[in-house]
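Commentary on secondary and tertiary structure
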Amino acid sequence: MTTKRHEQVGLTDAQVLDMYYYMLLARKIDERQWLLNRAGKVPFVISCQGQEAAQVGAAFAMETGKDYLCPYYRDLGLVLVFGQTARDCMLSAFAKVEDPNSGGRQMPGHFGGKKYNILSGSSPVTTQVPHAVGMALAGRMQQKDFVVYASFGEGSSNQGDFHEGANFAGVHKLPVIFFCENNKYAISVPLKKQLACESVADRAIGYGFPGISVDGNDPIEVYRVTKEAVERARRGEGPTLIEAVMYRLVPHSSDDDDRVYRTREEVEEAKKKDPLIVFAAYLREIGLLDENTEADMLARVQLEVDEATEYAENAPYPTPESTLTHVYGE
């Protein structure tokens, strides 16, 4: 019998099957939204494909209902673990009034919701990083025991918001997880043109806290590293920068043509390491995922996505009269 790596880091059989479920759900929601976009039914998609393992692995290391998320626009897998549903995601994609993120006012991928402990994001990249640091400082001042998780792409690690947030958190030893999803491209700009250092994790030393680079296609390893960072933060030892290295399997967004800046051969090679394929292979190898279990899970996910799509497509839009609500003090 193959070694159960997940047990070595404290995960149960049920938990790793749940991890795979969330990864699969994120992928199937994402794929459906692309189809809807190409059919002219939803205006925009910004994808999580290839990044699900890192998101779900990290989310399982946090404590839902207690810890806070400041996600970025690709973090579909992360927010699903924290309580958002396929229906929530579809309502957002269709910009309907029941969208829990913003009532249909934000672009898709701008996750938020007080009941989920998810801070609403904004379109300028990296603004969530100083917000996360401010939340961590507020938690300390109020003597609350929560950790704040801020995720971002490697391109965001070049923005001033990241450096200011990291510096402040390092000085004050705040309970923040800086989680970089390094998918190799900042829209069309490859990593070698973004950083002069070897990796994003190398930047942590300048702010006085650990930086760790991890295989972002391995949810178990991501869980292990994030769990250690969370425990460190709870002990009052300050932040950690985690760089999860993965690959964005689709264009930057539904408005992007990635053929102009990366070869098809490069993308096809990356697909061999697709985290869903790799993780499913591990679960089969240890005897947790047989044909029946896999078929049942796929059918469950497909039903969730189908029902969510039908509900959201038929749900009402915000009324024109509500346009200025939350804008001028109403």
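Residues numbered from 1 in each chain as written. Predicted model: local features only at pLDDT ≥ 70, side-chain atom pairs only at ≥ 80, totals over all residues. Heavy atoms only, no water.

The name given to the protein chain in an unreviewed UniProt entry is 2-oxoisovalerate dehydrogenase subunit alpha, and the organism recorded there is Brevibacillus centrosporus. UniProt, in its Sequence similarities (unreviewed entry) section for the protein chain, records the words "Belongs to the BCKDHA family." The Cofactor (unreviewed entry) field of the UniProt record for the protein chain holds the comment "thiamine diphosphate". (UniProt positions renumbered as here; feature names shortened; annotations may be inferred.)

On to the side chain of serine 102, then. Mapped onto the fold, serine 102 is located in the loop between helix 5 (86–93) and helix 6 (128–141). Among the polar contacts listed, one links the side chain of serine 102 to the backbone nitrogen of arginine 105, at a separation of 3.0 Å. (Helix = DSSP H or I, 4+ residues; strand = E, 2+ residues; numbered from the N terminus. Polar contact = N/O pair within 3.5 Å; in protein donor to acceptor, adjacent residues only side chain to side chain.)

One open sheet holds the 5 strands; their spatial order is 1-2-3-7-6, and the pairing between them is parallel. Single-partner strands in this sheet number two, and they are strand 1 (68–70) and strand 6 (211–215). Neighbour-to-neighbour, the strand axes of the sheet open up by a mean angle of 20 degrees, direction not taken into account. Pairing analysis gives 5 bridges linking strand 6 to strand 7 (residues 240–245), with the strands arranged parallel. From the neighbouring strand, aspartate 215 faces strand 7, where its bridge partner is valine 245. Where helix 6 meets the sheet, its contacts fall on strand 1, strand 2 (148–153) and strand 3 (176–182), and the angle it forms with strand 2 comes to roughly 170 degrees. (Pairing = 2+ DSSP bridges. Axes fitted to C-alpha atoms, helices over the stretch in contact; angles between N-to-C directions. Contact = heavy atoms within 4.5 Å.)

Note on helix geometry: an α-helix contains 3.6 residues per turn, so any two residues three or four positions apart are oriented the same way. Here helix 10 (residues 275–285) has its buried residues at Pro275, Leu276, Phe279, Ala280, Tyr282 and Leu283. Down the axis of helix 10, the buried side of the element spans an arc of 155 degrees, and every buried residue falls inside it. Packing partners of the buried residues in helix 10 comprise helix 1 (5–8), helix 2 (13–38), helix 3 (52–61) and helix 8 (219–234). N-capping of helix 10 is provided by aspartate 274, with a side-chain oxygen placed 2.9 Å from the backbone N of leucine 276. Two residues or fewer past helix 10, glycine 287 is found with a positive phi of approximately 85 degrees. (Buried < 20%, exposed > 50% of the residue type's maximum accessible area, 1.4 Å probe, protein only. Arc of directions from axis to C-beta.)

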